[in-house]
Amino acid sequence: NRSIMEPVRLLMRHKSREVKFYEAECTDIDAERKELTLVRRANSEDSKGDQEPVKINYDYLVVGVGGTVNTFGTPGVEENACFLKEMGDARKIRRRLMDSIESAAFADVSDAERDRLLHMVVVGGGPTGIEYAGELHDFLQDDLSQWYPELAKKIQITLIEALPNVLPAFDKKLIDYTQSTFKENQITILTRTMVKEVKEKSFIVQNPDGTRSDIPYGLLVWATGIKAQPVVDRIRAQFAQVQTNGRGLLVDEYLRVKGARDIWAVGDCALSGYAPLAQVASQQGKWLARRLNSLATQAAREGKTDADVFSLIEEKSRPFKYSSQGSLAYIGSEKAIADLPFFNRNITAGGVATFWFWKSAYVNELFSLRNSTLVVSDWVKRFFFGRDISRE
């Protein structure tokens, strides 16, 4: 999973201007004083804990902190579920998955307990949940079936979605194709089903008919919904009369935070009228970087050291407009689905050919040649030697 990461300091080496990078958490933003509060978090067990807060000032601020997991207030999710937001989440899922399988391998485990340990649950039928369920199926079929042949056929995967269908943003034909593929792969899909509580070894759902069931599980991954980061809530509180939406920062068509001065917001933390998608965040970031660089260059050329970039961006630029590049999702068994815009209509496709298109698009979207090389290398190693199931 480190192959897709690009160190920030590696990028800074190629910049002609001075760039300062702080690896820290921004815990507060004082918009009136133009001041940030940063806290250096300990990243290892050998560290001595959090350091004293540091305050730095800014002239202009771009907020791109993304979102955090939204549990919708469901009891027990924070304590017992795994998430799919950061690298640490992936490592946690890996450990819990292997713990469950290794525990189920003991001969003295009862059949009921073994069934519980081998029940893998995914909550959320969007692209993230679907892709995770598909990848998990491949991992179990391609690799664990060789290492744990006596357990492989007993492993059960269940995907739970509160809406009537999975992948609600995709074309109906692709939804049906995904459900058909999951059925072939023996992945159970429960739609119109809401998780009401997650306990240590079981979770409670509300079924479509209103009844409730207590379902045992070994691993539960929560892959649905995002909410604002705490620092975003602190910004909103300073402009409460304008910032009335608790899901993030309301921005105008130039990505300026409404009610604030000299602050922009991009990505999942910005409410710009577009869906919280990676390609939206990418286009917003590139658009804003180009505009700020262009205005700064123009101001320097004209000798204006005190140019009001926050106001000039509206005078000198066209508003940001998102251009959809379509949607892709991997559904397991080397199959993928695609819903792509083509002039005034959409093209839909699914299958093995789409899977290779998905792979090529994935590599193309990686940050650098270094990332692309490492990821392709990982794929080659997996093809010849299988996935690594060694313990950390």
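In this text the structure is predicted, and so the values were computed from the model without any measurement. (Residues numbered from 1 in each chain as written. Predicted model: local features only at pLDDT ≥ 70, side-chain atom pairs only at ≥ 80, totals over all residues. Heavy atoms only, no water.)

S.K.: Can you lay out the sheet that holds strand β13 (residues 219-222) for me, pointing to particular residues and giving the numbers?
M.R.: Pairing within the open sheet is parallel, and its five strands lie in the order β6-β13-β7-β8-β9. Single-partner strands in this sheet number two, and they are β6 (82-83) and β9 (187-190). Taken strand by strand, helix α5 (residues 127-147) contacts β7 (119-123), β8 (156-160), β9 and β13, and its axis lies near 175° from that of β8. (Pairing = 2+ DSSP bridges. Helix = DSSP H or I, 4+ residues; strand = E, 2+ residues; numbered from the N terminus. Contact = heavy atoms within 4.5 Å. Axes fitted to C-alpha atoms, helices over the stretch in contact; angles between N-to-C directions.)

S.K.: Describe unusual backbone geometry, naming the residues involved and giving the relevant values.
M.R.: At Phe 72, a position not held by glycine, the phi torsion is positive, near 55°. Residue classification places Phe 72 among the exposed residues on the basis of a relative accessible area of 54%. (Buried < 20%, exposed > 50% of the residue type's maximum accessible area, 1.4 Å probe, protein only.)

S.K.: Account for the environment of Gly 124, with residues named and values stated.
M.R.: Structurally, Gly 124 can be placed in the loop between β7 and α5. On the basis of relative accessibility, which here comes to 2%, the residue Gly 124 falls in the buried class. Ignoring sequence-local partners within four residues, the contact set of Gly 124 consists of Gly 129, Ile 130, Leu 159, Ile 160, Glu 161, Ala 223 and Thr 224.

S.K.: A description of the layout of surface pockets should follow, citing residues and the corresponding values.
M.R.: In this model, the second largest pocket occupies a volume close to 470 Å³. Taken together, 19 residues line the second largest pocket, and the ones lying closest to its centre are Glu 334, Trp 379, Arg 382, Phe 383 and Arg 387. Secondary-structure elements contributing two or more residues to the lining of the second largest pocket are α5, α11 (352-365) and α12 (369-385). Among the elements that take part in the lining of the second largest pocket, α12 stands out by supplying six residues, more than any other. Residues that form the lining of the second largest pocket fall into these classes: nine nonpolar, three polar and seven charged. (1 Å grid on protein atoms, 1.4 Å probe; cavity = no way out; pocket = protein on both sides within 12 Å on 5 of 7 lines; lining within 4 Å. Points joined across faces, edges and corners; volume = space filled by probe spheres on them. Nonpolar A, V, L, I, M, F, W, Y, C, P; charged D, E, K, R; others polar.)

S.K.: Run through the packing of aromatic side chains, naming residues and quoting values.
M.R.: Applying the stated criterion across every chain, the model contains 15 aromatic pairs. On the numbers, 4.8 Å between centres and 85° between planes, the contact of Phe 342 with Phe 343 is edge-to-face. We classify Phe 343 as exposed; its relative accessible area is 74%. Seen from their ring centres, Phe 355 and Trp 358 are 6.1 Å apart, and the 25° between their planes marks the pair as stacked. A residue pair is termed a helical-turn pair when its members lie 3 or 4 positions apart in one helix, as Phe 355 and Trp 358 do in helix α11 at three residues. (Phe/Tyr/Trp six-rings, centres within 6.5 Å; stacked < 30°, edge-to-face > 60°.)

S.K.: With reference to specific residues and values, describe the side chain of Asn 207.
M.R.: Along the polypeptide, Asn 207 turns up in the loop between β11 (202-206) and β12 (212-216). At a separation of 2.8 Å, a polar atom in the side chain of Asn 207 contacts the side chain of Ser 213. Those residues within four positions of Asn 207 in sequence are excluded, and the remaining contacts are Arg 192, Arg 212 and Ser 213. (Polar contact = N/O pair within 3.5 Å; in protein donor to acceptor, adjacent residues only side chain to side chain.)

S.K.: How would you sum up the state of the cysteines? Please name residues and give values.
M.R.: Per the stated rule, a full pass over the model turns up zero disulfides. Looking at Cys 269, it has no disulfide partner, and the nearest cysteine sulfur is the one in Cys 26, 11 Å off. By relative accessible area, Cys 269 is classed as buried at 2%. (Disulfide = S-S within 2.5 Å.)

S.K.: Explain the sheet that holds β11 residue by residue, including any values.
M.R.: Ordered in space as β10-β11-β12, the three strands form an open sheet in which the pairing is antiparallel. Looking at the sheet topology across the chains shown, the edges are occupied by β10 (194-198) and β12. Taken over all neighbouring pairs, the strand axes of this sheet differ in orientation by 30° on average, direction set aside. Pairing of β10 with β11, which is carried by four bridges, proceeds in the antiparallel orientation. From the neighbouring strand, Glu 197 faces β11, where its bridge partner is Ile 204.

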